Structures are given as C-alpha cells and as structure tokens.
Amino acid sequence: MIKFFLMVNKQGQTRLSKYYEHVEINKRTLLETEVIKSCLSRSNEQCSFIEFKDFKLIYRQYAALFIVVGVNDTENEMAIYEFIHNFVEVLDEYFSRVSELDIMFNLDKVHIILDEMVLNGCIVETNRARILAPLLILDKMSES
Amino acid sequence: MGTLCTGTASWPNCSTSTCWATPPTLDSDLSQGIHAVQGLALCTLSTVGSADMCRDLATEVEKLLLQPGPYVRKKAVLTAVHMIRKVPELSNIFLPPCAQLLHERHHGVLLGTITLITELCERSPAALKHFRKVVPQLVQILWTLVTSGYSAEHSISGVSDPFLQVQILRLLRILGRNHEESSETMNDLLAQVATNTDTSRNAGNAVLFETVLTIMDIRSVAGLRVLAVNILGRFLLNSDRNIRYVALMSLLHVVQSDHSAVQRHRPTVVECLREPDASLSRRALQLSLALVNSSNVRAMTQELQSFLESCPPDLRADCASGILLAAERFAPTKRWHIDTILRVLTTAGTHVRDDAVANLTQLIGGAQELHAYSVRRLYSALAEDISQQPLVQVAAWCIGEYGDLLLEGSCEETEPLQVEEEEVLALLEKVLQSHMSLPATRGYALTALMKLSTRLRGDNNRIRQVVSVYGSCLDVELQQRAIEYNALFQKYDYMRAAILEKMPLVERGGTQDEEAKENKEAQHSEAALVPTEPQASKLLDLLDLLDGTSGAAQPPPSSEGSLVHLLDLPYVSPAPASIPNLKVFEREGLQLNLSFVRPPGTPALLLITVTAINTSGADVTHFVCQAAVPKSFQLQLQAPSGDTVPAQGGLPVTQLLRILNPNKAPLRLKLRLTYNHFGQSVQEIFEVNNLPVDTWQ
C-alpha cells in the first residue's frame, strides 16, 4: 500500500504531497524534511530504495525534482519504481514536456491525474489514454 | 458539488462535521448518472470515508460495481477496498461480485478487482478458501498477458501491463501458500513467466522479482525453486543497484529454507559488502552472516573483518557481534577463536556487546595451553593502544592472572618478547591514570596490579604505593578496593598469596569472573575488618539492660576462632541427663519456672523454657521477660507464647531461650520481668542462682 507520494525539489520545497494514510499536519513537514534529507544525501551510484523508519522509500530524480513514494512492506519496490516513471510520462504527455513550473502552476490538474492513477494507496490505472481522458473532457468544457 | 468533493479529498483527516455533511450529498452524487461526478464522489469516499459513511453507502457502491461504464467501476472497486478496511463486515456484500468482475477485459477494473480479492483473502480465511477456486482463471489471465504480443494500450517498456502482472502474481502467492493443489496449477505458468520475461528493462525485472517471491512462498517443485535462486543470482550480478538490492533482500528470505542453493552465490554476496551504498552493504552483511558455516568460516571471517575496518559506524555493532557469534559457533581451533576476538576488539572495541569481555576471559581461562600466547598478544595490543575499553579490560585481567608467564620470556607461538617487570607495572599504571579508562576498567587494572604483587619476584613497593594512593580516590568503588588491598598488604600479608592465586574456571553463564573474585575477596575482607570496627555494636553487658527491644542480645563473634569452634563437633556428647526444673521467681501468685534441655547433638547448646503461671485472682497482662548472659555466651530469645498470664492457674505463658556456650564457662543468667498485676505495673530484675551444673558443663 502506498503511504504517501511526494514531489520535492532540490532546495527542499515540496511541490506536491499526497498522503494515503493519515498523518498530522504538523508532522508532515517534519516527515518531508527528513525524507528529502535522506534522498539528497544519496549519490548517483546508490540504489533508489531506502529503509526509513517502518516503511520503505522509493525515489527517482528528474532534473531538479525528486519524486518520493513511501510504501509499506508488502509492495514490490521495482513495480513502484516503474510506476513513478509511468506517472512522469503521463505528465509529460499532458503538459508536453513537463517542467517544475508546470507542476507549480497547474497543481490541481496534477492532483487530478494522480487521483486517477492511485486510489487509496493502490494503483488503479496505468494506461495513459484512459488517465487523461476525463481531464481532456474537463479542459474542453472549460474552454467552451 | 465537485469542488466540495475535491476539497475534502485533499484533507484526509476525518473531522466530524464534514463527515456528517457529506453522506447525503455523496449519496445523491453516487446515484446520479454522470460519470465524472460519480467518480469524484467515489474518490472522496475512498479517501475520507469513515466507518458510518461506509456502512450507509455500501449498497450504492455495490450497484456501481456492476454498471457498464468501466471508468466508474474501477473506482467503485477500490472504494470497496477502502470500505472493507474500515468495516470488515462489509466483505460479505462485496464477495459475490468479484467472480463476475474477473471476467473483465478492462485492465483498470481487473487491477482493482485483484486488489479487492487480495484484501478479502488477507482478512478472512473463509474468503481465501472461496477464492482458491478462481486460481485457474487467474492463471489464464496472466497467461494471455504474458504470451500476447505487443499491445499498445498496456505495454510499458515492452512488457504488457506489468502492474497487473505483479498484482496477479501477488494474489497467486497468497492463494498458493500452503496449498498443494493451487501451487501445482501455477507451476507451469510461473516457469513460463520466469523464462520469458524481458529483463533488459526495469519493468521486466519487476515482474521477475515478484515471480521469484511467489515461487519461494508457495509449494513449488524443486526445479522451480532452483530456477528462482538462479534468477536472484543473476540479479546480483546486474550492474543496476536497485536490482541488486532486491536480490539481496529476497536471498535473505530464501536462505533459511534453501541454504545450499544460496551458498553458491556466496562470492557475489561478499562482493556486495564492498559497496559504498549503505542499504546494500547492510543487506549484504546480514546475508553474509547468515551464510557462514563451518567450511567457509575462515574465509568469511577474513572478509567480514576487513569490512569491519571500513564500514559505516551504524553497522559496526552488528558486524562485530555477528563475527563474534559466528566465531563462537564455528571456531576451528581455540587459538583461531582467540585471535579473531582479539582482532575484533582492536578494530571495533567500543561497539562490541558487554558480554564479549566475559566470554573472552572465560575462553582464555579454559584454554590452558594458550595462556602464555594470549597474555603476550594482549600485552602487545595493550602497549599499542589503551583506548578500546573491552580490550583493555581483558588485557588487564590476563596480565594479572598470567603475569608470571608473560615475564618468563619463552613462548614458541609468538616472537620472543622481553618484558621487564617495571614495564608491565608502568603500563598498568598508565591504564589506571588515563582519562579514557572507564571506572570498570580502572577496577580491573587495580586488581591486576594486586595479583601481580604475588606473581612478580621483585619487591612490591611500587604496587603498595599505587594502592595506597588510590585509597583516597573519589570513585567509591576504587576506593573500597584500594583500602581492602591495603589491608591485605598490612595486616593480612600471610593470606595475600592464597587470596590472589589463580582463578578457577568459572561456569559458563555463571557470574562474571570479576564478580566471583569480588565475592571471595569481600568475604575475607569482611571477616578481617570486623575486629577493627570501633565498639559501635555494644555487647550486652550483664549489668546493662537499658534497651527495650525484646532482648535478643546477640554479641557478634569475637574472633573467627569462635565461629570455627561453633561448627566443629569433636566433643563426645555426654548422655543427655535430664536436668531438674528450677523455680526462680514468685510474687503475688505469679511464678516463673525454668526447665533445661541440652540436646545431645550440640553440646554447646542449652535450651531453657521459661514458664510463667498465675495462681492469683487477677490476670497478669503485658508480660515481658528479658534475659542477659555473660559476654562469652550467645543468647537467643524466641517469641513468647503470649503476653497475658490468665488468673487461677490458666494457660501458662512460655518462652524459649537458646543459649550457646562454646567455652563451657559457668552459666550466669539474669532475668528482667515487666508486667501489670492488680492494676499496678511491676518491674523485677534478678539473677538466677543455683543453676544446675549440668546446664553448662
């Protein structure tokens, strides 16, 4: 089960955070700083899976942005690793070559996409076309 | 409505007010036909749905499960998962539709269904049995996934829908665990997946990893298990660190069941020890420790020790204790064992567990032939570095015990080491004075110095000096030791050699050597110190009966000699002549009688029973009888039977006196009575005259 999904940049600013298990608001910032600290201290040659307290962190770096997913023991780490890449590809298609600014200015759309892909900690949809379909309809409606 | 839903969805903390407001609105949302709205509603429900909400809306969700539109259905399925997590009783509602949902072609719905089934199976064994029937169906689905060609919709880097594959494999693992029949149906499929998946990309590796986990968990055939372990071995050689990490992790699970298969990959595992990555090296360390057995223990220990020298600090403790444990279990020779422990102590001394010191001393003590060798090695190690506390403690103990062997200068196994007495003493003093030494270490060093006073041939001035200096040390423990040792030097010099001779081997798991020695010393010191105590404990003088306590006047033994005499029985005991009773006191109807018994087994013992009888018309209350005897005797007053002597010759009050007369001195007895009679309080003190000679002869 996915516990949380974070997008944090190299300066430690959280660009997106989604928690699938309840964490107190004040504890969230603490958690995020710790997580990003452990991810930033890793070099390129080290593996992408970290054991952190009682769950596992799987992170992937895209330019200046770190995508970190926290899972519990039952998940397959490599599948989640693949899933992160899948997510980024979906974003890529929607925003045509996504950058950090896109995420910052369209946070609601990114949330919608993430909600389409992950529901309550479980992966529900990975097909790009199907994920983006409702969003495209929404866009069309708001234009007209 | 949509905005409200998304708003609440982004704050998954169930504040009660929002929870009450949303169910009716959610209900109306769910029953509306518009997919988008339904989707949002389901999303909200699955994230923030409380138990009550779930119960109310369960039927609605179930209806949505079977609707034609896959968009809504996939969300409904996962909402069902959330509902089951919150309210396990709802699983009854969601069980029947699952079978039908498995026939879906839509991967999103399928994925959700598999998750739902997994959740149901994890929660109840009944569901598990129910779903074992669908194993063939699952196998079929996976088969089509694997063997079908490239499908643009689902392919991720060449593998068709790896997420679905992984989920199915996980479900198969849960269903096949401990179940022969299901495992058999899965065997072919798993073999197919294992061999045919493209491993050049991460997606393929993910599927393969899940397959391996499944194979290891179910009752698979032996060939399949070997295949799985080989796949893991291949993973280990992969350059991608992520893959190596998962391989190490799964090998750790496997090593318990398939030890020999994993042994084949031992060299690769040892390679991974040298990784700069912390998570990898930790896993590699655990796996290497699990792989040590009697045939490879020397090589493995070598590797692990070189790892210990360079590893990050948080792994050191684990590594050190792991090496020590492995050495204990598989040590080929005692000498090798001692060497290994020594090396661990020099490299990572501060991180070893506390009982390592005790184990090592026990080990050395037991290996008689290696005493000279170990003391030399320890001496040279100590001479180089006195900062590692466990090492210093063991070395100090050894030097103390086997100091004479150290100075002899002949030992075949190490290079000849000429050690002067002065050097040894200087080293121990250095340890004592160093600020790096813990109090325990100082204690060891001081004791070692003392032991050397008997082992070394020179005179002991230097040692005496040190010991007397520490007599005023601020540390109470050290001070006590120093004073005791001082006493040994001054008053009990004749006992010193006996006390400080070599320790006998202590039982494994018994008290520590240090403790045992402490006890031994403490006993002797206590006995020695008692006569030097000031006259604090006043011996009960025959003419002094001022203390009101129930007279258990027990003078402490005047010397050890008397104690010894008490316990030996060389005397021929006289025939127990019955001694006549003696009436000692009479006043206003209250009589006091003494009866004497001398038990034959203990000639020094005299038992006196004091009986108080009241023949007057009034009761005697608060009756207390106390006794006193001369200094050389030992008196013990037992509790009286009561403190009221009833009138008119009622039940008498008795009290037992035990008198020990080791010197066979003439018995003199003084009694003191206090009681109330006829409304007056009476106190009487008198000496018992006319005691029969037999009472003390």
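Rules used in this analysis
Residues numbered from 1 in each chain as written. Chains lettered and ligands numbered in written order. Predicted model: local features only at pLDDT ≥ 70, side-chain atom pairs only at ≥ 80, totals over all residues. Heavy atoms only, no water. Helix = DSSP H or I, 4+ residues; strand = E, 2+ residues; numbered from the N terminus. Buried < 20%, exposed > 50% of the residue type's maximum accessible area, 1.4 Å probe, protein only. Contact = heavy atoms within 4.5 Å. Buried area = accessible area lost by both parts, 1.4 Å probe. Salt bridge = Lys/Arg side-chain N within 4 Å of Asp/Glu carboxyl O. Nonpolar A, V, L, I, M, F, W, Y, C, P; charged D, E, K, R; others polar. Pairing = 2+ DSSP bridges. Axes fitted to C-alpha atoms, helices over the stretch in contact; angles between N-to-C directions. Expected span 1.5 Å × (residues − 1). Phe/Tyr/Trp six-rings, centres within 6.5 Å; stacked < 30°, edge-to-face > 60°. pLDDT = per-residue confidence, 0-100. Core = buried A, V, L, I, M, F, W, Y, C linked by side-chain atoms within 4.5 Å. Arc of directions from axis to C-beta.

Note on placement: glutamate 116 of chain A falls in helix α4 (residues 107-117). The class of glutamate 116 of chain A is buried, set by a relative accessible area of 5%. Ignoring any residue separated from it by four or fewer positions in sequence, one finds glutamate 116 of chain A in contact with Val124, Glu125, Ile131 and Pro134 of chain A together with Tyr71, Lys74 and Lys75 of chain B.

The next thing to look at is the environment of arginine 464 of chain B. Residues and elements named next belong to chain B. Secondary-structure assignment places arginine 464 in helix α26 (residues 461-469). Residue classification places arginine 464 among the partly exposed positions, given a relative accessible area of 34%. Here the alpha-carbon distance between arginine 464 and tyrosine 485, two residues 21 residues apart in the chain, equals 8.8 Å. Apart from residues lying up to four places away in sequence, arginine 464 is in contact with Phe489 and Asp493.

Right, let's get into the interface of chain A and chain B. If you look at the interface, chain A gives 35 residues, while chain B gives 42 residues. Buried area between chain A and chain B, summed over both chains or domains, comes out near 3,600 Å², and the portion from carbon and sulfur atoms is 54%. One salt bridge connects arginine 170 of chain B with glutamate 75 of chain A, and the closest N-O pair in it is separated by 3.7 Å. Those elements that place two or more of their residues in the side of chain A that touches chain B are β2 (14-19), β3 (49-52), α2 (77-95), α4, β7 (122-123) and α5 (128-143) of chain A. Ranked by residue count, the leading element in the side of chain A that touches chain B is α2 of chain A, at seven residues. Residue composition of the side of chain A that touches chain B, by class: 13 nonpolar, nine polar and 13 charged.

Let us look at the sheet that holds strand β10 (residues 680-688) of chain B. Residue and element names in this part refer to chain B. Strand order in the open sheet formed by three strands is β6-β9-β10, with antiparallel pairing between adjacent strands. Edge positions in the open sheet fall to β6 (620-628) and β10, since each of these has one partner strand only. Each adjacent strand pair in this sheet contributes to an overall mean axis angle of 15°, direction not counted. Across nine bridges, the pairing between strand β9 (residues 669-677) and β10 is antiparallel. What sits directly across from histidine 677, in β10, is glutamine 680.

Spacing of three or four residues puts side chains on the same side of an α-helix, whose turn is 3.6 residues. Taking 1.5 Å as the rise per residue, helix α17 (residues 278-291) of chain B with 14 residues should run 20 Å; its terminal C-alpha atoms sit 20 Å apart, in good agreement. The inward-facing, buried residues of α17 of chain B abut β3 of chain A together with α14 (241-257), α15 (259-263), α16 (266-272), α18 (297-310) and α19 (313-330) of chain B.

Our next topic: the packing of aromatic side chains. Under the counting rule described, the total for this entry stands at eleven aromatic pairs over all chains. Each ring, one from phenylalanine 4 of chain A and one from tyrosine 19 of chain A, has its centre 5.8 Å from the other, and the planes form 40°; the classification is tilted. Of the two residues, phenylalanine 4 of chain A sits in strand β1 (residues 2-9) while tyrosine 19 of chain A sits in strand β2, which places them 15 residues apart along the sequence. Of the two residues, phenylalanine 4 of chain A and tyrosine 19 of chain A, both sit in the buried class. Between the aromatic rings of phenylalanine 585 of chain B and phenylalanine 686 of chain B, the centroid separation amounts to 5.2 Å while the plane-to-plane angle is 0°, which identifies the pairing as stacked. Separated by 101 residues along the polypeptide, phenylalanine 585 of chain B in strand β3 (residues 582-587) and phenylalanine 686 of chain B in strand β10 bring together distant segments of the chain. Relative accessible area serves as the criterion here: at 13%, phenylalanine 686 of chain B is assigned to the buried category.

Taken residue by residue, chain B gives an average pLDDT of 74. The fraction at 70 or more is 81%. Throughout residues 510-576 of chain B the model reports pLDDT below 50, and contacts reaching past four residues in sequence, or to other chains, amount to 69 contacts.

Core analysis: the biggest nonpolar cluster contains 212 residues, and Phe5, Phe87 and Ile113 of chain A have the highest contact counts within it. The residues touching phenylalanine 5 of chain A, leaving out its near neighbours within four places in the chain, are Leu16, Ser17, Lys18, Tyr20, Ile67, Val68, Val69, Phe83, Phe87 and Leu114 of chain A. Judged by nonpolar contacts, the second largest core, of 33 residues, contains Leu594, Leu637, Tyr675 and Leu691 of chain B.

Moving on to the pattern of salt bridges. Side-chain pairs of opposite charge can arise whenever the charged atoms involved come near each other. Applying the stated criterion to the full structure yields 20 salt bridges over all chains. With a closest N to O distance of 3.3 Å, arginine 343 of chain B and glutamate 309 of chain B form a salt bridge. A residue pair is termed long-range when its members are at least 10 positions apart, and arginine 343 of chain B in helix α20 (residues 334-348) and glutamate 309 of chain B in helix α18 qualify at 34 residues. Look at arginine 343 of chain B and you get partly exposed, because its relative accessible area is 29%. Connected via shared salt-bridge partners are Glu75 of chain A together with Arg170, Arg173 and Glu210 of chain B.

For alanine 63 of chain A, which is not glycine, the phi dihedral falls at a positive 50°. Among the structural elements, alanine 63 of chain A can be located in the loop between β4 (55-62) and β5 (65-71). Of note in this structure, glutamate 588 of chain B is not a glycine but carries a positive phi near 50°. With respect to the helices, strands and loops of the structure, glutamate 588 of chain B is situated in the loop between β3 and β4 (590-597).

Turning to α26 of chain B, a few remarks are in order. All names here are of chain B. Those residues of α26 that sit buried are Ile463, Val466 and Val467. Down the axis of α26, the smallest arc covering the buried residues is 95°, so these residues share one side. Residues of α26 that are exposed and point more than 90 degrees away from the buried face comprise Gln465 and Val469. Considering only its buried residues, α26 is in contact with α24 (421-433), α25 (439-455) and α27 (476-490).

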